[in-house]
Amino acid sequence: MKENLISKFLKFSYGSWIGLILGLITTMITTRILPPDVLGQVSMFELFLQMGLILTIFGTDQSFIRFYYEEEENKRGALMYNSLKLPMKTSVLLILTIILFYKPITFFLVGAPDFSLAILLVLGIIFQLIFRYGQLVIRMEQKGNVYSLLQILQKLFNLCFIVGLYYFIGSEYEVLVLSKIFTLFLLFILSIYLGRKFWNLKNFYISDTRHSQMEIVKYGAPFVLTIFITWIFQSFDQVAIRHWRDFSELGLYAAAMRIVALVVVLSSTFTTFWTPVSYEKFIADPEDKAFFKNITIVVSFVMFLFAILTIAGKYLIVNLLGQQYLDAANIMPFLVFMPILMTISETTVIGINFYKKLSGMLSLP
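About the thresholds
Residues numbered from 1 in each chain as written. Predicted model: local features only at pLDDT ≥ 70, side-chain atom pairs only at ≥ 80, totals over all residues. Heavy atoms only, no water. Helix = DSSP H or I, 4+ residues; strand = E, 2+ residues; numbered from the N terminus. Rg over C-alpha atoms; globule rule 2.2 N^0.38 Å. Buried < 20%, exposed > 50% of the residue type's maximum accessible area, 1.4 Å probe, protein only. Contact = heavy atoms within 4.5 Å. Areas by Shrake-Rupley, 256 points an atom, 1.4 Å probe, with all protein chains shown as cover. Lys, Arg positive; Asp, Glu negative; His and termini not counted. Charge placed at Lys NZ, Arg CZ, Asp CG, Glu CD. pLDDT = per-residue confidence, 0-100. Core = buried A, V, L, I, M, F, W, Y, C linked by side-chain atoms within 4.5 Å. Axes fitted to C-alpha atoms, helices over the stretch in contact; angles between N-to-C directions. Parallel < 35°, antiparallel > 145°, perpendicular 65-115°, else oblique. Left-handed = near helix turned anticlockwise from the far one by under 90°. Nonpolar A, V, L, I, M, F, W, Y, C, P; charged D, E, K, R; others polar. Expected span 1.5 Å × (residues − 1). Salt bridge = Lys/Arg side-chain N within 4 Å of Asp/Glu carboxyl O. Patch = residues over 30% accessible without salt bridge, like charges linked within 9 Å, V, L, I, M, F, W, Y side chains within 5 Å. Phe/Tyr/Trp six-rings, centres within 6.5 Å; stacked < 30°, edge-to-face > 60°. Lys NZ or Arg CZ within 6 Å of the ring centre and 35° of its normal.

Asker: Can you explain the overall build of the protein? Please cite residues and give values.
Answerer: Assigned secondary structure in the protein consists of 16 helices and zero strands. Relative to the compact-globule value of 21 Å for 365 residues, the protein shows a C-alpha radius of gyration of 21 Å, a close match. Dimensions of the protein, computed from the C-alpha atoms along their principal axes, are close to 55 × 50 × 45 Å. Out of the 365 residues belonging to the protein, those deemed buried represent 52%. When contacts within the protein are restricted to residue pairs at least 6 apart in sequence, those whose partners lie at least 24 apart make up 82%. Total accessible area on the protein stands at roughly 17400 Å², and carbon and sulfur atoms take up 68% of it. For the protein, the distance from the average position of its 29 positive side-chain charges to the average position of its 23 negative side-chain charges is 4 Å.

Asker: Outline the confidence of the model for the protein, listing residues and values.
Answerer: In regions of low pLDDT, the predicted coordinates are not meant to be interpreted in detail. Per-chain confidence: the protein averages 83 in pLDDT, with 94% of residues scoring 70 or above. Note on residues 358–365: pLDDT is under 50 here. Beyond four places in sequence and across chains, it has ten contacts.

Asker: Help me get a handle on the nonpolar core, residues and values and all.
Answerer: By size, the foremost hydrophobic cluster in this structure holds 98 residues, and its most contacted members are Phe64, Met80, Ile98, Leu121, Tyr133, Trp199 and Trp274. Apart from residues no more than four positions distant in its own chain, Leu121 is found in contact with Phe45, Phe48, Leu49, Ile98, Ile105 and Leu109.

Asker: Account for the packing of helix H2 (residues 36–57) against helix H6 (residues 115–140), naming residues and giving values.
Answerer: Think of two packed helices as two axes; the pair is described by the angle between the axes and how far apart they sit. The N-to-C vectors of H2 and H6 enclose an angle of 50°; their axes lie 9 Å apart at closest approach. As judged from the angle between their axes, H2 and H6 are oblique. The interaxial crossing formed by H2 with H6 has right-handed handedness. Listed contacts from H6 to Phe45, Phe48, Leu49, Gly52, Leu53, Thr56 and Ile57 of H2 are Leu117, Leu120, Leu121, Gly124, Ile125, Gln128, Leu129, Arg132 and Tyr133. Grouping the constituent residues of the contact of H2 with H6 by class yields eleven nonpolar, four polar and one charged.

Asker: Lay out the side chain of Thr30 with the relevant residues and their values.
Answerer: Mapped onto the fold, Thr30 is located in helix H1 (residues 2–33). With residues up to four places along the chain from it excluded, the contact list for Thr30 reads Leu39, Ile162 and Leu176.

Asker: Describe the environment of Gln154, and please don't skip the residues or the numbers.
Answerer: Its place among the elements puts Gln154 in helix H7 (residues 144–169). For Gln154 and Leu22, which are 132 residues apart along the polypeptide, the C-alpha to C-alpha distance reads 9.6 Å. For Gln154, the contacting residues outside a window of four places in its chain are Phe131, Thr183 and Leu187.

Asker: Mind laying out helix H8 (residues 174–194), listing which residues take part and the relevant values?
Answerer: Relative to the 30 Å expected for 21 residues at 1.5 Å per residue, H8 spans 30 Å between its end C-alpha atoms, a close match to the ideal helical length. Regarding H8, the residues found buried are Val175, Leu176, Val177, Leu178, Ser179, Ile181, Thr183, Leu184, Leu187, Phe188 and Ser191.

Asker: Describe in detail the environment of Pro104, supporting the description with residues and values.
Answerer: With respect to the helices and strands, the residue Pro104 is situated in helix H5 (residues 102–110). Owing to a relative accessible area of 53%, Pro104 belongs among the exposed residues under this scheme. Residues Pro104 and Ser207, 103 residues apart in the sequence, show an inter-C-alpha distance of 42 Å.

Asker: Tell me what's going on with the pattern of salt bridges, and back it up with residues and numbers.
Answerer: What the rule picks out here adds up to seven salt bridges. The salt bridge involving Lys75 is made with Glu72; its shortest N-O contact spans 3.9 Å. Note on Lys75: relative accessible area 12%, which makes it buried. By relative accessible area, which is 37% here, Glu72 ends up partly exposed. Here Asp208 and Lys75 are joined by a salt bridge, their closest N and O atoms 2.9 Å apart. Of the two residues, Asp208 is situated in the loop between helix H9 (196–199) and helix H10 (213–244) and Lys75 in the loop between helix H3 (60–67) and helix H4 (76–100); the sequence distance between them amounts to 133 residues.

Asker: Can you tell me about a nonpolar patch on the surface, naming the residues and giving the values?
Answerer: Judged by side-chain polarity, Val298, Phe301, Val302, Leu305 and Leu309 come together as a nonpolar surface patch covering roughly 480 Å² of accessible area. Counting through the fold element by element, Leu309 comes out in helix H12 (residues 289–312). Look at Leu309 and you get exposed, because its relative accessible area is 54%.

Asker: Talk me through the packing of aromatic side chains; I want residue IDs and the actual numbers.
Answerer: As enumerated under the stated definition, the model contains 16 aromatic pairs in all. Ring geometry for Phe67 and Tyr219: centres 5.5 Å apart, planes at 55°, overall tilted. Pair noted here: Phe67 is in helix H3 and Tyr219 is in helix H10, with a separation of 152 residues, a long-range link. Both residues of the pair, Phe67 and Tyr219, count as buried. Geometrically, the ring pair formed by Tyr219 and Phe223 is tilted, given 5.5 Å between the ring centres and 50° between the ring planes. Here Phe223 and Tyr219 lie together in helix H10, a separation of four residues that amounts to about one turn. Across the pair, Phe223 and Tyr219 agree in class, each one buried. Put simply, the rings of Phe64, Tyr68, Tyr69, Tyr133 and Phe198 pair up and form one aromatic cluster. Here the guanidinium or amino end of Arg76 rests over the ring plane of Tyr68, the centre of that ring lying 4.4 Å away. One cation-aromatic arrangement involves Arg196 over Tyr193; the distance from NZ or CZ to the ring centre is 4.4 Å.

Put into structure tokens, the structure is as follows:
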């Protein structure tokens, strides 16, 4: 069992580590060709994209994860489409809102009203929603090598687009925005192709799945509140800097966040591997609590050790960003513990999901 878990973890993780190297190269290039104020503008755009995903997906991705192994194998594609029906409707509402109120939205994001930026925002919301489910299909099938390939291509596409667009556009925020959109587009096409068995349209018309749309919404809805609150805690710092300071200081903060991605990569890699494995293990043997206890101990030790090493080498790491971003080293220690505690929580709160207790929050007064 241990060998099997290690093998699965390595398959899911090597893409993240190669992606980390590509990401560091991308960050080094980005901070040398773009000033802090431009990086600050881009961070606001990416922040709004994250919020768009939370609002449109409405927790249905968590329902898909929870019900995946309970559904008959030949109807899991139908489960995916059932999970996607609500996000399609919420996406339309959000897109209309962005188009109608594009002036105040884009002004807050980049400091000037820009209809073309609103269109790019709409495209980004659509592409990332489909790509999210494309990734989930690959995760839940536990195709670690395919998932790692997507991770590598995501960083590689982004790097190539940034370098290419810089020569045409120059030191403008559009370089990173367009590279983000182009990358999401290619990944959403590729993820559909790799999971084409699930995306076959005949699955859309299958109605006799074990879990109805109402069950999917009922289980997933509380996640909207919890994830949105998490997003507020993780993003209010950037919103506050944007409101009370300027884009240059926001850019320094964003640079520090990119360095903290060293820890985030390890965190997201573990979560990607842990989610399907934990559900499969629980369904196979619900009484095996020792397995989850041992995983929690190991993860806690590794994450805190990684954080200590990251903080100890902060000046060495930040020097990779260039002279304009050296002040980011003073911000790093305050950010590094967030992904660490989030990773540990993945092992400690998973029981709530196992027993579907979260859905009971809907009935609370």
